[in-house]
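In case you want the letters, here they are:
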Amino acid sequence: MSDPRILFSRLAFHLETIYLFTRSDYKTIFFPVIIFSVAIAPSVEVKQLVHAAIWLWIHLLQFNLSNQAHSAHEDVINKPWRPLPSGRITADETSRFRWLLLIVCLCLSGWHGAGVLSTSAAFFLAEILYEDFRFNSDPVLRNLCNVGGYLAFELGATIILSSKTSVDRTSLVALLSSGLLILTTIHAQDFADVNGDSLSGRRTFPIIAPEGSRLYMLAALPIWSIALSMLWGLGPLCGMLFFLAGLYLGSRYYQFRDERHDESSFLIYSVSCDAIWIVHHIIH
């Protein structure tokens, strides 16, 4: 009989490995998507919130398995603590786990209904185009796939929270706004990964236009602040606060250009997106 201490040690090792696959995404994807979905769902019950969180986390883990199986060489520079560059798991094991978990995700989505299943299928189509058909090597196609992935996360979680097969008009407008925001500013996440992306030959906006991409952020974030203020009918004071927040974040991206500051700027960007949808929830 195996020593319980050995079994516990192995279990802890594998659980930590799973956690490390998703470690980077709790503050930038998991919690922002949950906050977005809670903010735009017509009503929220604790049971449905738990179901949405489980659905989102399993899909996020599956995506990270896919992404990191293809990017281990650049993670050696960008994120050496991840499971593949640190030697905790092999690329072949990760790839097999990826496809197994894809089936699990589709079954789980089917249990939640046709709307969630369709969303999950669309997500995996975007993932396969992004990773296996190398859409991630083109900055435009990369952004489109990123938008598809984010919207699938948000839509699936919102449908589960709503206990319906589709979303209402208010939620649809919020989803479209989120999609446009992500499409036009998603490269906010790429500044901190320039070294690893350059090594892999990936052509991101910050690599193609180092100065232009930062000028773009300096202009785009305040413009988005004004647009959302007008869309939601915010008063002059709230609108000015929105504008100043966008200007501050855009200024950070333009002024501070080292990897540490780019990482913290992206974290502020993610938190700001949370704040946007919290304001949306309060207003509506």
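Figured I'd write up the structure that's included with this text. Nothing here was measured: the structure is a model prediction, and the numbers come from that model.

**Describing the nonpolar core**
- If you look at the biggest cluster of nonpolar residues, it comprises 34 residues, and the most contacted ones within it are Leu56 and Phe153.
- Sequence-distant contacts of Phe153, defined by excluding residues within four places in its chain, comprise Ile29, Val33, Trp55, Leu56, His59, Leu60 and Phe123.
- In terms of nonpolar packing, the next biggest core, distinct from the first, is built from 22 residues, Ile40, Ala174, Leu228 and Leu234 among them.

**Concerning the layout of surface pockets**
- Of the voids in this model, the largest pocket is the one considered here, and its volume is about 980 Å³.
- Along its surface, the largest pocket is lined by 35 residues, and Ser24, Asp25, Lys79, Arg82 and Gln189 are the ones closest to its centre.
- Those elements that provide at least two residues to the lining of the largest pocket are α2 (26-40), α3 (46-70), α4 (72-78), α6 (114-131), α7 (139-162) and α13 (259-283).
- Looking at the lining of the largest pocket element by element, the count peaks at six residues for α7.
- Among the residues making up the lining of the largest pocket, the classes are represented as 12 nonpolar, nine polar and 14 charged.

**Focus: helix α12 (residues 236-255)**
- Across its 20 residues, α12 extends 28 Å between first and last C-alpha, which sits within 8% of the 28 Å expected from 1.5 Å per residue.
- Considered for burial, the residues of α12 that qualify are Gly239, Phe242, Gly246, Leu249, Gly250, Arg252 and Tyr253. Viewed end-on, α12 has its buried residues packed into an arc of 155 degrees, placing them on one side of the element. Opposite the packed face of α12, turned more than 90 degrees from it, sit the exposed residues Pro236, Leu237, Leu241 and Gln255.
- For α12, the elements touching its buried residues are α11 (210-232) and α13.

The rules we used
- Residues numbered from 1 in each chain as written.
- Predicted model: local features only at pLDDT ≥ 70, side-chain atom pairs only at ≥ 80, totals over all residues.
- Heavy atoms only, no water.
- Core = buried A, V, L, I, M, F, W, Y, C linked by side-chain atoms within 4.5 Å.
- Buried < 20%, exposed > 50% of the residue type's maximum accessible area, 1.4 Å probe, protein only.
- Contact = heavy atoms within 4.5 Å.
- 1 Å grid on protein atoms, 1.4 Å probe; cavity = no way out; pocket = protein on both sides within 12 Å on 5 of 7 lines; lining within 4 Å.
- Points joined across faces, edges and corners; volume = space filled by probe spheres on them.
- Helix = DSSP H or I, 4+ residues; strand = E, 2+ residues; numbered from the N terminus.
- Nonpolar A, V, L, I, M, F, W, Y, C, P; charged D, E, K, R; others polar.
- Expected span 1.5 Å × (residues − 1).
- Arc of directions from axis to C-beta.

Taken by themselves, the reported measurements are silent on function.
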